[in-house]
Amino acid sequence: MQTHKAKRVAIIIEQVMQSRLTDAMEKAGVTGFSVLPVLGGSGKSGGWSRDGQVSRAGAMAQVICVIRPERLDALLDAAFSVVERHIGIVTISDCEVLRAERF
Amino acid sequence: MDQILNLAATNLLSPIILSFALGVAAALARSDLNIPEAVAKGMSIYLLFAIGFKGGVSVADHGIDATLALSLLAGLVLSAILPLIAFALLQLMGNLSRLDAAAVAAHYGSISIVTFVAATSVLESSGIASEGYMVAVAAAMEAPAILSALWLVSRGSGAGRMDAGLLREIMLNGSIVLLVGSFFIGGITGVDGLAKIEAFIVSPFQGVLCLFLLDMGLVAGRGLRGGSGVLTPGVLAFGVMMPLVGAGFGLATGLLLGVSAGGVALFMVLSASASYIAVPAAMRVALPEANPSIYLTLSLGVTFPFNLTLGIPIYVAIASALATG
């Protein structure tokens with residue numbers, strides 16, 4: 001089956017910043033993404049868990065999008081302007097998709 | 001003194017405080033006891049709606065007077081100036097960076113709605129009347145503290161991020177919208193409206209509050225377990241001293257306004273409590289470099305349990321002894 005090269009960008013960010021990030025991505029022309037809750041983890045600031053969060057302040061979310069390679073720089077510029085000062089991880093990986101026209 | 005001790009003993013052995021203690025103990029013992037996130041959210045919606053509605057009914061029943069507007073104004077002023085006092089105290093006691101001190105200070109100018117709900121419950125069970133519009137004062141005190149904290153940061157070398165989106169999120173925070181909205185519904189429908197939904201918002205209230213405080217105990221216990229290492233003795237002492245300082249300002253305000261003993265007690269509770277819902281979220285957006293472990297642990301792990309167990313009885317007893325309104 002014919003496949004097409006694409007980039008998969010996964011950004012783990014504080015939940016309070018999620019809508020700001022997705023707004024910036026949309027402005028940069030990203031038309032599709034998924035948002036997943038992150039259950040817990042550990043990092044430079046110590047361990048944390050979604051359990052018992054009375055405030056959105058401690059929660060994290062993951063925003064995932066798959067885009068054409070030539071649109072990656074615009075997406076990263078937009079994302080970095082939001083996440084620069086915040087806790088989070090941005091990862092980029094190569095992937096392949098079946099229907100290139102959707103990305 | 002006897003009155004304070006009696007009220008403290010009664011309060012400590014009440015179902016709501018014992019439920020909170022169970023949650024703290026379970027979390028410290030690393031039990032897997034857990035209230036699902038959606039259930040906790042549902043209970044908080046119920047409690048906010050019930051307390052707002054009952055406040056509105058009380059205003060409809062007793063009428064609006066000049067002290068309502070003055071109380072709202074006083075709440076705004078208290079919320080704006082308490083962070084400045086907290087900031088100065090932290091500079092003396094805490095050895096925190098300017099950014100961390102400002103972020104902590106914002107929490108102590110804003111309010112804890114759960115502490116307010118618990119205090120109204122104690123007042124009701126003690127037969128002490130309070131003004132229904134104190135719910136609106138609580139809502140008014142949520143936001144000004146955040147602006148004061150950002151001003152404190154801007155006076156130093158740092159700069160907080162305050163954009164239109166954040167301002168909208170603060171002002172239209174779900175808790176504020178629900179509290180104010182249900183207050184207006186209660187005010188419009190009055191005693192007749194209350195009679196129609198009384199079985200839902202009055203009788204189950206204490207039971208739901210018990211379960212909610214069990215969850216808050218779990219959260220506070222986990223916060224203490226995970227974040228105790230970040231608090232120095234000076235910062236810990238601040239977590240107990242600042243509520244008393246804030247309560248003093250609330251007491252003076254309530255007495256000056258001439259509100260009832262219950263109203264004075266609630267002014268003290270609001271001024272003594274520290275936010276752990278609206279302000280932490282705002283601080284993560286506006287001051288992301290400030291350490292959330294410090295302000296969340298201090299607010300939720302130290303000040304909230306202190307107010308819930310010892311603070312409320314002290315404030316209620318002092319207000320009952322001094323208020324003449």
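Cut-offs used in this document
Residues numbered from 1 in each chain as written. Chains lettered and ligands numbered in written order. Predicted model: local features only at pLDDT ≥ 70, side-chain atom pairs only at ≥ 80, totals over all residues. Heavy atoms only, no water. Helix = DSSP H or I, 4+ residues; strand = E, 2+ residues; numbered from the N terminus. Rg over C-alpha atoms; globule rule 2.2 N^0.38 Å. Buried < 20%, exposed > 50% of the residue type's maximum accessible area, 1.4 Å probe, protein only. Contact = heavy atoms within 4.5 Å. Areas by Shrake-Rupley, 256 points an atom, 1.4 Å probe, with all protein chains shown as cover. Lys, Arg positive; Asp, Glu negative; His and termini not counted. Charge placed at Lys NZ, Arg CZ, Asp CG, Glu CD. Pairing = 2+ DSSP bridges. Axes fitted to C-alpha atoms, helices over the stretch in contact; angles between N-to-C directions. Parallel < 35°, antiparallel > 145°, perpendicular 65-115°, else oblique. Left-handed = near helix turned anticlockwise from the far one by under 90°. Nonpolar A, V, L, I, M, F, W, Y, C, P; charged D, E, K, R; others polar. Expected span 1.5 Å × (residues − 1). Bend = angle between axes of the 7 residues up to and from the residue. pLDDT = per-residue confidence, 0-100. Polar contact = N/O pair within 3.5 Å; in protein donor to acceptor, adjacent residues only side chain to side chain. Core = buried A, V, L, I, M, F, W, Y, C linked by side-chain atoms within 4.5 Å.

Enquirer: When you look at the overall build of chain B in this model, what are you seeing that I'm missing?
Expert: Summing up its helical and strand segments, chain B has 15 helices and zero strands in all. On C-alpha atoms alone, chain B measures out to a radius of gyration of 19 Å, which is about the 20 Å that the 2.2 N^0.38 rule sets for 325 residues. Taking the principal axes of the C-alpha coordinates as reference, chain B spans close to 55 × 45 × 40 Å. The buried share of chain B, taken over its 325 residues, is 56%. For chain B, the proportion of contacts with a sequence separation of at least 24, taken over those separated by at least 6, is 88%. When the accessible surface of chain B is split by element, carbon and sulfur atoms take 69% of a total near 12600 Å². When the 11 positive and 15 negative side-chain charges of chain B are each reduced to one mean point, those points stand 12 Å apart.

Enquirer: Can you help me understand the sheet that holds strand β6 (residues 88-97) of chain A in this one?
Expert: In sheet architecture, strand pairing relies on hydrogen bonds along the backbone and comes in two forms, parallel and antiparallel. Residue and element names in this part refer to chain A. What the four strands build is an open sheet, ordered β2-β5-β1-β6; its pairing is antiparallel. Of all the strands in the sheet, the pair left with one neighbour each is β2 (34-38) and β6. Strand-to-strand twist in this sheet, taken as the mean axis angle between neighbours without regard to direction, amounts to 20°. Inspection of the sheet shows strand β1 (residues 4-14) paired to strand β5 (residues 60-67) by eight bridges, in the antiparallel sense. Bridge pairing in β5 places I12 opposite Q62. Each of β1, β2 and β5 touches helix α1 (residues 18-27); the most contacted strand, β5, lies at about 15° to it.

Enquirer: What's the story with the packing of helix α6 (residues 113-125) of chain B against helix α13 (residues 261-272) of chain B in this structure? I'm lost.
Expert: Helix packing geometry: the angle between the two helix axes and the distance between the axes. All names here are of chain B. It is at 10 Å that the axes of α6 and α13 come closest, and there the two elements cross at 155°. Of the possible angle classes, the one that applies to α6 and α13 is roughly antiparallel. Along this stretch, α6 crosses α13, giving a crossing that reads as right-handed. The segment α6 lies against α13, with T115, F116, A119, T120 and L123 engaging G262, A265, L266, V269 and L270. Of the residues belonging to the contact of α6 with α13, the class tally is seven nonpolar, three polar and no charged.

Enquirer: Honestly, the side chain of T115 of chain B in this entry has me stumped. Any pointers?
Expert: Residues and elements named next belong to chain B. Position of T115 relative to the elements: it lies in helix α6. On the accessibility criterion, T115 (1% relative accessible area) is buried. If we skip the residues at most four places from it in the chain, T115 touches V269, S273, Y276, F304, N307 and I312.

Enquirer: Which parts of the structure should I look at to understand the packing of helix α14 (residues 278-286) of chain B against helix α15 (residues 292-322) of chain B?
Expert: Residue and element names in this part refer to chain B. The N-to-C vectors of α14 and α15 enclose an angle of 170°; their axes lie 11 Å apart at closest approach. One way to sum up the angle between α14 and α15 is to call them roughly antiparallel. Where α14 approaches α15, its residues P280, M283 and R284 are matched on the opposing element by P292, Y295 and L296. For the contact of α14 with α15, the per-class residue count stands at five nonpolar, no polar and one charged.

Enquirer: Help me out: how do you make sense of helix α12 (residues 233-257) of chain B in this one?
Expert: Three- or four-residue spacings in an α-helix give side chains the same orientation, since the helix completes a turn every 3.6 residues. All names here are of chain B. The first and last C-alpha atoms of α12 sit 36 Å apart over 25 residues, in line with the 36 Å expected at 1.5 Å per residue. Remark: the principal bend of α12, roughly 30°, maps to V240, with a proline, P243, within the next four residues. V235, F238, G239, M242, P243, G246, A247, G250, L251, T253, G254 and L257 are the residues of α12 that are buried. Structurally, α12 contributes buried residues whose contacts are with α4 (66-93), α5 (98-109), α13 and α15. Residue G258 follows α12 closely and has a positive phi angle near 75°.

Enquirer: Quick question: what am I supposed to make of the confidence of the model for chain B here?
Expert: Keep in mind that low pLDDT regions are not for reading the predicted coordinates in detail. Residue and element names in this part refer to chain B. Residues at a pLDDT of 70 or more form 97% of chain B, whose mean pLDDT is 88. When mean pLDDT is taken per element in chain B, α13 scores highest with 96 and helix α1 (residues 2-12) scores lowest with 73. Across the whole predicted complex the pTM is 0.84, and at the interface the ipTM reaches 0.73.

Enquirer: Could you clarify how one ought to interpret α15 of chain B in this entry?
Expert: Residues and elements named next belong to chain B. Its 31 residues place the ends of α15 only 38 Å apart at the C-alpha level, less than the 45 Å of an ideal helix rising 1.5 Å per residue. Most pronounced at G311, the bend in α15 amounts to some 50°, and the proline P313 follows within four residues. For α15, the tally of buried residues reaches 22 of 31 residues, placing the bulk of the element in the interior. Sitting at the head of α15, N291 places a side-chain oxygen 2.9 Å from the backbone nitrogen of S293.

Enquirer: Is there a simple way to think about unusual backbone geometry in this case?
Expert: Glycine aside, residues mostly have negative phi angles, and peptide bonds mostly take the trans form. Positive phi, normally seen in glycine, also occurs at R30 of chain B, with a value near 60°. Here R30 of chain B lies in the loop between α2 (15-28) and α3 (37-62).

Enquirer: Would you mind showing me how to read the nonpolar core here?
Expert: Nonpolar side chains tend to gather and get buried jointly when the protein is soluble and globular. Core analysis: the largest hydrophobic core is formed by 78 residues, its most contacted members being F116, L213, M216 and F304 of chain B. Among the elements that take part in this core, helix α11 (residues 205-227) of chain B stands out by supplying 11 residues, more than any other. Judged by nonpolar contacts, the second largest core, of 56 residues, contains V16 of chain A together with F87, L152 and V279 of chain B.

Enquirer: Teacher, can you tell me more about the side chain of S148 of chain B here?
Expert: Residues and elements named next belong to chain B. Here S148 is to be found in helix α8 (residues 144-155). From its side chain, S148 meets the backbone oxygen of A80 in a polar contact 2.7 Å long. Contacts of S148, omitting those with residues within four sequence positions, involve A80, P83 and L84.

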